[in-house]
Amino acid sequence: MSKNFLLCAAGIVVGFTVGFFVTNSLTRPGAPGAAATRAPQGTAGPLDDEQAAGELPPGHPDVGAGADDADGGPAASTSPEAQAAMDKADRAPKDFDAQFAAAEVFYRRRDYDKAALYLERALALKPKDFGALVLMGNARYDDEDYAAAATFYERALAVRPDSPDVRTDLGNTYFNRRDFGRALAEYRKSVAADPTHVHSWRNIVAAAINLRDKAAAAEALERLAALDPQNPDLDNYRRRIAELP
């Protein structure tokens, strides 16, 4: 479910492109790590191809892909499904499930403002609902409001501190703001919770390269290669690491 954009890192990062997995694991309803009762539509949207970040956790939907309407965005709100979801939610403002369901509909259709509106209502009813917090983070992330996304991911992690997917999404919000040190710290927390979390290891490599930390990048690459030996980006990572002083 999944969802996720802007950095062109200077110098060493130029040309360092990471084929972003967006398998909605980052794409996912119900992908690993999205353990909410109502699995969010993925955790945070993917970075764009020119960014030197690693992948989002499985379950984050690709922005611009997988929406119910080809056009997506606010115009999609006129669809029968959206109208029905809105009507049900508006008639029952105290019904958490109705608010959350409407938010999911608008999130899928890439109308992030409407999704956020219904999530605000849902969170007013259940402020600590993990699924609603993550989905709000995803909506803000995919709308490229990374500071707001981080706030909601942090709130979700206060409920479930060991979610590697959400932790990776939180790290990506810092990566997008070029705070590579903070991003790396979050990715390391993710692999501490799940040492096999491939996307976090990938992101550690990318963040360490941006920090010009050759030893950390090489160590993370070794772990990544052991976990995912067929990863098509391994050679590119090795080349970039070799270029570091």
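Preceding this section is the structure that the text describes.
Below or above, wherever it landed, is the structure these notes cover. Note that the structure is predicted; figures quoted are calculated from it, not measured. (Residues numbered from 1 in each chain as written. Predicted model: local features only at pLDDT ≥ 70, side-chain atom pairs only at ≥ 80, totals over all residues. Heavy atoms only, no water.)

## A closer look at the overall build of the chain
No. 1: Broken down by element type, the chain carries 10 helices and 0 strands.
No. 2: Looking at the chain as a whole, 58% of its 245 residues are labelled buried.
No. 3: Within the structure as shown, the chain displays about 9,800 Å² of accessible surface, and the carbon and sulfur contribution to it stands at 52%. (Helix = DSSP H or I, 4+ residues; strand = E, 2+ residues; numbered from the N terminus. Buried < 20%, exposed > 50% of the residue type's maximum accessible area, 1.4 Å probe, protein only. Areas by Shrake-Rupley, 256 points an atom, 1.4 Å probe, with all protein chains shown as cover.)

## Observations concerning the environment of Ala216
No. 1: Topologically, Ala216 is positioned in helix H9 (residues 214-227).
No. 2: Judged by relative accessible area, which is 8%, Ala216 ranks as buried.
No. 3: Note: C-alpha distance between Ala216 and Ile204 (12 residues apart in sequence) is 8.1 Å.
No. 4: Residues contacting Ala216, with those up to four places away along its chain left out, are Arg188 and Ala208. (Contact = heavy atoms within 4.5 Å.)

## Some thoughts on the packing of aromatic side chains
No. 1: Summed over all chains, the structure comprises 5 aromatic pairs.
No. 2: Aromatic side chains Phe96 and Phe100 sit 6.1 Å apart centroid to centroid with 20 degrees between the ring planes, which places their arrangement in the stacked category. With Phe96 and Phe100 both in helix H2 (residues 96-108) and 4 residues apart, this pair spans about one turn of that helix. Taken individually, Phe96 and Phe100 each receive the classification buried, so the pair is uniform in this respect.
No. 3: A ring pair is formed by Tyr141 and Tyr146, whose centres lie 5.2 Å apart and whose planes are at 75 degrees; its orientation type is edge-to-face.
No. 4: Using a relative accessible area of 0% as the deciding quantity, one classes Tyr141 as buried.
No. 5: The side chain of Lys126 reaches across the aromatic face of Phe96, ending 4.7 Å from its centre.
No. 6: One residue, Arg160, lies across the ring of Phe130, its end atom 4.4 Å from the ring centre. (Phe/Tyr/Trp six-rings, centres within 6.5 Å; stacked < 30°, edge-to-face > 60°. Lys NZ or Arg CZ within 6 Å of the ring centre and 35° of its normal.)

## Here's the deal with the pattern of salt bridges
No. 1: Applying the stated rule across the entire model yields 12 salt bridges.
No. 2: Close ionic contact of Arg108 with Glu81 constitutes a salt bridge, the shortest N to O distance being 2.5 Å. Pair noted here: Arg108 is in helix H2 and Glu81 is in helix H1 (residues 80-91), with a separation of 27 residues, a long-range link.
No. 3: You can call Arg108 partly exposed: its relative accessible area is 24%.
No. 4: Among the residues examined, Glu81 registers a relative accessible area of 33% and is labelled partly exposed.
No. 5: With its nearest N and O atoms 3.3 Å apart, the salt bridge here joins Glu243 to Arg239.
No. 6: Under the relative-accessibility criterion, Arg239 is labelled partly exposed at 40%.
No. 7: Linked by salt bridges that have partners in common, Glu154, Arg167, Arg182, Glu186 and Lys189 make up one network. (Salt bridge = Lys/Arg side-chain N within 4 Å of Asp/Glu carboxyl O.)

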